[in-house]
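A closer look at the structure
Here's the letter readout for the chains.
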Amino acid sequence: MHRGLAKTGVVGQLKAGTGNRAIALRADMDALPMDEHNSFDHRSTVPGMMHACGHDGHTTMLLGAAKYLAESKGFDGTVYFIFQPAEEGEGGGKVMIEEGLFEQFPVESVYGLHNWPGMPAGQFGIAAGPMMAAFDVFDLKITGRGSHAAMPHQGVDAIVTASQVVSALQTIASRNTDPLDAVVVSVTQIHGGDAYNVIPDSVQLRGTVRTFKDSVRDAAEPAIRRIAAGVCAAAGAEMELDYHRRYPSTINHADETELAAAAAVAVVGDANIDRKPIPSMGSEDFAYMLRERPGCYVWLGNGPGEGGCMLHNPGYDFNDEILAVGASYWATLVEQILPAAP
Ligand SMILES: [Zn+2]
Ligand SMILES: [Zn+2]
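Starting from 1, residues in each chain are numbered consecutively following that chain's sequence as written. Labels are handed out in written order, letters beginning with A for the chains and numbers beginning with 1 for the ligands. The predicted origin of the model limits local features to residues at a pLDDT of at least 70 and limits the giving and counting of side-chain atom pairs to 80 or more, whereas totals for whole chains, interfaces and linings rest on all residues. Side-chain metrics in this entry use all non-hydrogen atoms of the structure; hydrogen atoms and water are not considered.

**Remarks on the coordination of the zinc ion (ligand 2)**
Those donors, Cys53 (SG), Glu88 (OE), Glu88 (OE) and His312 (NE2), are the protein atoms that reach the zinc ion (ligand 2), and they lie 2.0 to 2.6 Å from it. The coordination sphere of the zinc ion (ligand 2) comprises four donor atoms, whose angles at the metal cover 54 to 154°; the geometry is irregular. The sequence pattern formed by the donor residues of the zinc ion (ligand 2) is C-x34-E-x223-H. Donor criterion used throughout: N, O or S atom within 2.8 Å of the metal, extended to 3.2 Å for Na, K and Ca. Water excluded; incomplete-looking sites may result. The metal-metal distance between the zinc ion (ligand 2) and the zinc ion (ligand 1) comes to 3.1 Å, with Cys53 coordinating both. A four-donor site is classed as tetrahedral when every donor-metal-donor angle falls between 85 and 135 degrees; four donors are called square planar, and six octahedral, when trans pairs exceed 155 degrees and all remaining angles lie between 65 and 115, with any other arrangement labelled irregular.

Written out as structure tokens, the structure reads:
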């Protein structure tokens, strides 16, 4: 067992047979800073902290597979069990890679799994190509010149300008991007002003951009800059844009996707595999691992999202019935990719 990558990351190493091949399986571990609204016994006991994305379930599944494989050793080669911190926005997967994950633990391929509310429990969603979107954030400060609200002509109205910028940004999706490509530009915060009768000097906009294709992603930042600068210039205001690239898109590799599908079929049967799940505009820092090594990220149905049982919802509940399915999937994947010598 190796500790310390990305501070609290843990990598378990398990060898069997004499083979030199190696693969990695990854589970995320972190919770979310939110209060749980469930009343059952296994709800979070820590105020302001909740496993609302089911990463505790992912960790349990991978530990289950590690326990089984350590006892049965029905494979030939090395398996690395990656327990990764800080998936939720801080990019713990990226930090583990930067600190030498794949140099310390060289593998031919890497695999990830996430529970997926809204999909039938125990059903898998597996597809080559994009599964999750790239995720960027931006801060846009618009500075005009404050004035008395009754005398707007004496200033440059940052609020009206910011409103026009918010509207104009919608043309990135509707007018600048190929209609067959996906992009979301969402302004999620508007901060400005403190009084009924004062037009403030400046307004702060914040938002997020989601894309699948790198080329569409690369075009988003200059488009925001061009539009914001143009609208602000028209109004006589100034603007300042801070654009931060967070996670890249999660793109599954074709060959490894077939290996993942074969393992899932062996566990739950053909009828329980959705080979054409609709990709999500959500994001996943497993994307960084898939940019370093070929691999596949699958969804495992968590059951209907009744009562708010959706990811990041205070009513979320990880479905314990899928623990064995997930652990079996991991173990089967290892036994199929690294078959034991006859
Ligand atoms: Zn998650
Ligand atoms: Zn999450």
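Picking up after the structure, the text goes on.
**A few points about the packing of helix 4 (residues 158–169) against helix 6 (residues 214–235)**
Across the interface, helix 4 lies against helix 6 with an axial gap of 9 Å and an inter-helix angle of 145°. Crossing of helix 4 against helix 6: the hand is right-handed. Listed contacts from helix 6 to Thr161, Gln164, Val165, Ala168 and Leu169 of helix 4 are Ile224, Ile227, Ala228, Val231, Cys232 and Ala235. We call Asp, Glu, Lys and Arg charged. Ala, Val, Leu, Ile, Met, Phe, Trp, Tyr, Cys and Pro are nonpolar, and the rest, Gly among them, are polar. When its residues are assigned to classes, the contact of helix 4 with helix 6 shows nine nonpolar, two polar and no charged. Fitting a line to C-alpha atoms yields each axis, with helices limited to the stretch in contact; the angle taken between N-to-C directions then spans 0 to 180 degrees. We count a stretch as a helix when DSSP gives it H or I for four or more residues in a row; a strand needs E for two or more, and each element gets its number in order from the N terminus. The handedness criterion is simple: a crossing whose near helix is rotated anticlockwise from the far helix by less than a right angle is left-handed, and one whose near helix is rotated clockwise is right-handed. Here a residue-residue contact requires only that any non-hydrogen atoms of the pair lie within 4.5 Å.

**A short note on the coordination of the zinc ion (ligand 1)**
Coordination sphere of the zinc ion (ligand 1), protein contribution only: Cys53 (SG), His55 (NE2) and His114 (NE2), at 2.0 to 2.3 Å. Positions of the donor residues of the zinc ion (ligand 1), expressed as sequence spacing, correspond to C-x1-H-x58-H. Only protein chains enter the accessibility calculation, which uses a 1.4 Å probe. A residue is then buried if its area is under 20% of the maximum for its type, exposed if over 50%, and partly exposed in between. The exposure class assigned to Cys53 is buried, which follows from its relative accessible area of 6%.

**As for unusual backbone geometry**
You will see that Ala6, though not glycine, has its phi angle at about 50°, which is positive. With a relative accessible area of 11%, Ala6 lands in the buried category. With phi around 45°, Lys73 is a residue other than glycine that occupies positive phi space. Its location among the elements puts Lys73 in the loop between helix 1 (55–72) and strand 4 (77–84).

**Examining the sheet that holds strand 13 (residues 238–245)**
Ordered in space as 10-12-8-13, the four strands form an open sheet in which the pairing is antiparallel. With partners counted over all chains shown, the strands left at the sheet margins are strand 10 (183–191) and strand 13, one partner each. Averaged over all pairs of adjacent strands, the angle between their axes in this sheet comes to 20°, without regard to strand direction. Any two strands with at least two DSSP bridges between them are considered paired. Relative to strand 13, strand 8 (residues 134–143) runs antiparallel, the two sharing eight bridges.

**With respect to the nonpolar core**
Take the buried residues of types Ala, Val, Leu, Ile, Met, Phe, Trp, Tyr and Cys, join any two whose side-chain atoms come within 4.5 Å, and each joined set is a nonpolar core. In terms of nonpolar packing, the biggest core is built from 45 residues, with Leu25, Phe81, Phe124, Tyr329 and Trp330 touching the most fellow members. Listed by contribution, the elements that provide at least two residues to this core are strand 2 (10–16), strand 3 (22–28), helix 1, strand 4, strand 5 (109–116), helix 7 (254–268), strand 16 (295–301) and helix 9 (323–337). Counting residues per element, this core draws most heavily on helix 9, at seven residues. Core analysis: the second largest hydrophobic core is formed by 28 residues, Met131, Met132, Tyr288 and Met289 among them.

**Let's talk about the environment of Ala86**
Checked against the element boundaries, Ala86 lands in the loop between strand 4 and helix 2 (92–98). A relative accessible area of 26% means that Ala86 is categorised as partly exposed. If we skip the residues at most four places from it in the chain, Ala86 touches Asp30, Gly91, Gly92, Tyr247 and Asp285.

**Considering the packing of aromatic side chains**
Side-chain rings of Phe, Tyr and Trp, where Trp is taken by its six-membered ring, are said to pair if the distance between their centres is within 6.5 Å; with planes under 30 degrees apart they count as stacked, over 60 as edge-to-face, and otherwise as tilted. This structure, assessed with the given rule, holds seven aromatic pairs. Ring centres of Tyr80 and Phe105 lie 5.1 Å apart, and the angle between their planes is 50°; on these two criteria the pair is classed as tilted. Of this pair, Tyr80 sits in strand 4 while Phe105 is found in the loop between helix 3 (101–104) and strand 5, placing the two residues 25 residues apart along the sequence. Judged by its relative accessible area of 7%, Tyr80 is buried. Classification of Phe105 by relative accessible area gives buried; the value is 3%. Between Tyr247 and Tyr288, the aromatic rings sit 5.7 Å apart at their centres with planes inclined by 70°, giving edge-to-face as the arrangement. You can see Tyr247 sitting in the loop between strand 13 and strand 14 (250–252) and its partner Tyr288 sitting in helix 8 (residues 286–292), a full 41 residues away along the chain.

**So, the pairing of strand 3**
Strand 3 sits mainly inside the fold: seven of its seven residues count as buried. Of the two faces of strand 3, the one carrying Ala22, Ala24, Arg26 and Asp28 and the one carrying Ile23, Leu25 and Ala27 are both buried. Summarising the sheet, strand 3 and strand 4 pair through seven bridges and their orientation is parallel. Across the sheet, residue Leu25 finds its bridge partner in strand 4, namely Phe81.

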